[in-house]
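What follows is each chain in one-letter form.
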Amino acid sequence: MTDARDEVREFLSSRRARITPEQAGLPVYGGNRRVSGLRREEVAMLTGVSVDYYVRLERGNLAGASESVLDSLARTLQLDDAERDHLFDLARNAGPSRKPRAVPAEVRPAVRQVLDAMADAPAWVRNGRHDILAANRMGRALYAPVFDDPHRPVNTTRFTYLNPAAKEFWRDYDKITFDAAAMLRLEAGRAPHDEALIRLIGELSTQSELFRQRWASRDVMYHRSGVKRLHHPIVGDLDLNFESMELPSEPGLVMNVYTAPAGSPTAERLTLLASWAATQDATDAAAVDATIHPFG
C-alpha cells in the first residue's frame, strides 16, 4: 500500500477531477480550462476554507482537520457514503498511530449455529480481507470453485484475480473485479496497518495487472445488497439476491446470505444444489469412515 499522504493526495485529486464546474453549480466562462474537473481554489471556495489550507489537505495533511471541514469537503466533492467514510478513515489514520482494532480470526459456535440453521439459503461469514471464515453446507456448495482453490485461507478476491476458473464462475466478471478492489481499498483505509491485508494487496499487485488497474482508480464502495450472477459447474446459471450484514457481536465480520424468488429457475436450481451438497457430504463421510475402518 502507498504512503498515507500519497493515499490522501491521490484520493482527493481523483475525486476533484471527476466533478465539473457545472456539476458543482459554478458558472463557466469562456477560455480553455487546463483541468477537466474542479480547480483546487474552486474546491476551497465551495468547502469554505482558504486555498492554502485545502492545498495542505490535498497534499496529505488531514491530521487535525475538523469533522465540519471534512463534512463540507465531502459535500463539495459529492462523495457517496463509502467515499465519505473512506475520507474520515484517512483523516483518522493521519494522526498518531493507533492500536489496530482486533478482528476475530474465527467465528463463535453460536454464529456457526445460525449459519447451519439456514439450511435452504447459502450463507457464509467473511472478514474485511474477504477471507471466508465459516460457511453452511449450501454456502460451501454454492462457492465450490472458490473452496477448491488450494490457497488458504479461502479468499474470494484472491480467487477472482488469480484463479482462471473465476472468469467462468462470475458471469459479471468485470463488475466483480471492480467491486472486489473497491471493497478492499475501503478496508485498507479503515485498517492500514493490517499486515495480512498488506500481504494480500502485495500479492495481488505483483501477480495481476488487472488488479493494479482497478487499484489505481482509488474507488471505494460498500457491497451491502444486490444481485450475484454466477455459473455453477453443477447446476448452471444462477441469479441470486444477496444481503451482506455486519455482525454487531463480531466487529469486523460480515455475513452474506443468498436467496432466490420462490418458483424462479434459480430457486429450482438451488434445490438441485442442495441435493448435490447432501450427496457430497455423504460421500465424504463414507470416505472418512473407510479410512478409519478399512475392513468394515
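Summarised in this report is the structure supplied together with it. Counting starts from 1 at the beginning of each chain's written sequence and moves along it residue by residue. Residues qualify for local features only when their pLDDT is at least 70, as the model is predicted, and side-chain atom pairs are given and counted only at 80 or more; totals for whole chains, interfaces and linings, by contrast, use all residues. The basis for every side-chain value is the complete set of non-hydrogen atoms in the structure, without hydrogens or water.

### Looking at helix 4 (residues 67-76)
Condition: Whether a residue is buried, partly exposed or exposed follows from its accessible area with a 1.4 Å probe, protein chains only, as a fraction of its type maximum: under 20%, in between, or over 50%, in that order. Only DSSP runs of H or I reaching four residues or more are called helices, and only runs of E reaching two or more are called strands; each is numbered from the N terminus. Contact between two residues is taken to exist if any of their heavy atoms lie within 4.5 Å; hydrogens are not considered.
Most of helix 4 sits inside the fold, with 7 of its 10 residues counted as buried. Of all the residues in helix 4, the buried ones are Val69, Leu70, Asp71, Ser72, Leu73, Ala74 and Thr76. On its buried face, helix 4 is in contact with helix 1 (4-17), helix 2 (40-47), helix 3 (51-58) and helix 5 (81-92). Backbone geometry just after helix 4 places Gln78 at a positive phi near 55°.

### Overview of the nonpolar core
Rules: Residues enter a nonpolar core if they are buried and are Ala, Val, Leu, Ile, Met, Phe, Trp, Tyr or Cys, with the set joined through side-chain atoms within 4.5 Å.
In this structure, Leu142, Tyr143, Trp170 and Leu230 are the most contacted members of the largest nonpolar core, which totals 24 residues. Put simply, the parts of the chain that give this core at least two residues each are strand 2 (132-135), helix 7 (137-142), helix 10 (166-169), helix 11 (173-190), strand 4 (236-246) and helix 14 (265-292). Among all residues touching Leu230, those that are not within four sequence positions of it are Leu142, Tyr143, Phe169, Trp170, Arg171, Gly236, Asp237, Leu238 and Leu240.

### A short note on helix 11
Filter applied, for reference: Under the convention used throughout, the expected extent of a helix is 1.5 Å for every residue step, that is, one less than its residue count.
In this model helix 11 runs 26 Å from its N-terminal to its C-terminal C-alpha over 18 residues, within 8% of the 26 Å that 1.5 Å per residue would give. The buried fraction of helix 11 amounts to 14 of the 18 residues, a majority that puts the element mostly inside the structure.

### Looking at the packing of aromatic side chains
The way to describe two aromatic rings as a pair is by their centre distance and the angle between their planes. Using the following cut-off: Working definition: a ring pair exists when centres of Phe, Tyr or Trp rings (six-membered ring for Trp) sit within 6.5 Å. Plane angles under 30 degrees give stacked, over 60 give edge-to-face, the rest tilted. For a ring to carry a charge above it, either NZ of a lysine or CZ of an arginine must fall within 6 Å of the ring centroid while also lying within 35 degrees of the normal to the ring plane.
Taken as a whole and judged by the stated rule, the model has 10 aromatic pairs. Taking the centre distance of 6.0 Å and the plane angle of 80° together, the rings of Phe159 and Phe169 count as edge-to-face. Of the two residues, Phe159 sits in helix 9 (residues 156-162) while Phe169 sits in helix 10, which places them 10 residues apart along the sequence. Judged by its relative accessible area of 1%, Phe159 is buried. With a centroid separation of 5.1 Å and an interplanar angle of 85°, the aromatic rings of Tyr161 and Phe211 are classed as edge-to-face. Residue Tyr161 is located in helix 9, and its partner Phe211 is located in helix 13 (residues 209-216); the two are separated by 50 residues in the primary sequence. Among the residues examined, Tyr161 registers a relative accessible area of 8% and is labelled buried. Chaining the aromatic ring pairs together yields one cluster made of Trp124, Tyr143, Phe159, Phe169, Trp170, Phe242 and Tyr258. The lysine or arginine in question, Arg185, covers the ring of Trp215, its NZ or CZ lying 3.9 Å from the ring centre.

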